[in-house]
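# Structural description and commentary
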Amino acid sequence: MGTVTLGVSIAVPEPYGSLLQQRRAGFGDLAAHGIPTHVTLLPPTEVDPGRRPEIEEHLARVAAAGEAFPMRLSGTGTFRPLSPVVFVRVAEGASDCGRLQERVRAADGPLARELQFPYHPHVTVAHGIAEEAMDRAYEELADFEASWTTTGFALYEQGGDGVWRLQREFAFGAHSLPQPHRPAFSRPPAPSL
């Protein structure tokens, strides 16, 4: 049956998410419209589709143990020349993201994996485009600011068309755990005569 490619991330909320996605497309990054604006917790990872229930249970447990935290984006950074990426910096919430991604990739969990580079939370705004366009992204978003309270994360799957689609959201706190099925009402047993 093959594999599916999953990713776990914190969505950048509106209006910031759409704004940064439009800016990314405007810099000439053709992948922009297929990638919702986010902070990665688990990079693209190939898994057996049969493990999906186990993965979702794991993510629900991670979320249940989590607490909301403030996130603030401020200014730009780049991974060049190591990697052709310009990003908006996570100025507040980076350590929370770091702890969260460690739990998502826990060695005893279904998403255990090594990273190609050390974890560095960020919001990509240009990737693999012309150097002049990368410079423009770096300069034009240097004053960008956004802040919000992060209340959870989400699981995404990349389709054959390269587009990342939301599969499930996981809210922090115990209410994110799957609840056992309970009937809507129960009737007491009829008295015996």
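Residues numbered from 1 in each chain as written. Predicted model: local features only at pLDDT ≥ 70, side-chain atom pairs only at ≥ 80, totals over all residues. Heavy atoms only, no water.

Here the focus is the sheet that holds strand 5 (residues 122-127). Pairing is antiparallel across the open sheet formed by 4 strands, whose spatial order is 5-4-3-6. Looking at strand neighbours, the two that pair on one side only are strand 5 and strand 6 (145-150), the edges of this open sheet. Looking at each pair of strands side by side, their axes are set apart by 30 degrees on average, direction ignored. Set on the sheet, helix 3 (residues 94-104) makes contact with strand 3 (69-78) and strand 4 (85-92); between it and strand 3 the angle comes to about 100 degrees. (Pairing = 2+ DSSP bridges. Helix = DSSP H or I, 4+ residues; strand = E, 2+ residues; numbered from the N terminus. Axes fitted to C-alpha atoms, helices over the stretch in contact; angles between N-to-C directions. Contact = heavy atoms within 4.5 Å.)

What follows concerns the packing of aromatic side chains. Per the counting criterion, the structure on display carries 5 aromatic pairs. Ring centres of Phe69 and Phe172 lie 6.1 Å apart, and the angle between their planes is 35 degrees; this geometry places the pair in the tilted category. A residue pair is termed long-range when its members are at least 10 positions apart, and Phe69 in strand 3 and Phe172 in the segment after strand 8 (164-171) qualify at 103 residues. Residue classification places Phe69 among the buried residues on the basis of a relative accessible area of 6%. (Phe/Tyr/Trp six-rings, centres within 6.5 Å; stacked < 30°, edge-to-face > 60°. Buried < 20%, exposed > 50% of the residue type's maximum accessible area, 1.4 Å probe, protein only.)

Looking now at the packing of helix 2 (residues 52-64) against helix 3. Closest axis-to-axis distance for the helix 2/helix 3 pair is 10 Å, and the angle between their directions is 150 degrees. Two packed elements cross with a definite hand, and for helix 2 against helix 3 that hand is right-handed. Where helix 2 abuts helix 3, its residues His58, Leu59 and Val62 lie against Leu100, Arg103 and Val104. The residue inventory of the contact of helix 2 with helix 3, partitioned by class, reads 4 nonpolar, 1 polar and 1 charged. (Left-handed = near helix turned anticlockwise from the far one by under 90°. Nonpolar A, V, L, I, M, F, W, Y, C, P; charged D, E, K, R; others polar.)

We now examine unusual backbone geometry. Omega for the peptide link from Glu14 to Pro15 comes to 5 degrees, which places this bond in the cis form. Among the structural elements, Pro15 can be located in the loop between strand 1 (4-11) and helix 1 (16-26). With an omega of 5 degrees, the peptide bond running from Arg80 to Pro81 counts as cis. Examined against the element boundaries, Pro81 turns out to sit in the loop between strand 3 and strand 4.

Attention now moves to helix 1. Along helix 1, the residues classified as buried are Gly17, Leu20, Gln21 and Arg24. One side of helix 1 holds all its buried residues, which, seen down the axis, span an arc of 105 degrees. Across from the buried face of helix 1, at angles greater than 90 degrees, the exposed residues are Gln22 and Gly26. Elements that come into contact with the buried residues of helix 1 comprise strand 3, strand 4 and strand 5. Directly beyond the C-terminal end of helix 1, a positive phi value near 100 degrees is found at Gly28. (Arc of directions from axis to C-beta.)

On the basis of which strands lie adjacent, the open sheet formed by 4 strands has the order 2-1-7-8 and antiparallel pairing. Only two strands of the sheet have a single neighbouring strand rather than two, namely strand 2 (38-47) and strand 8. Sheet twist, expressed as the average angle between the axes of neighbouring strands with direction ignored, equals 20 degrees. Relative to strand 7 (residues 152-158), strand 1 runs antiparallel, the two being bridged by 5 bridges. Its bridge partner lying in strand 7, Ser9 is registered against Ala154. Along the sheet face, helix 2 touches strand 1, strand 2, strand 7 and strand 8 and points at about 45 degrees away from the line of strand 8.

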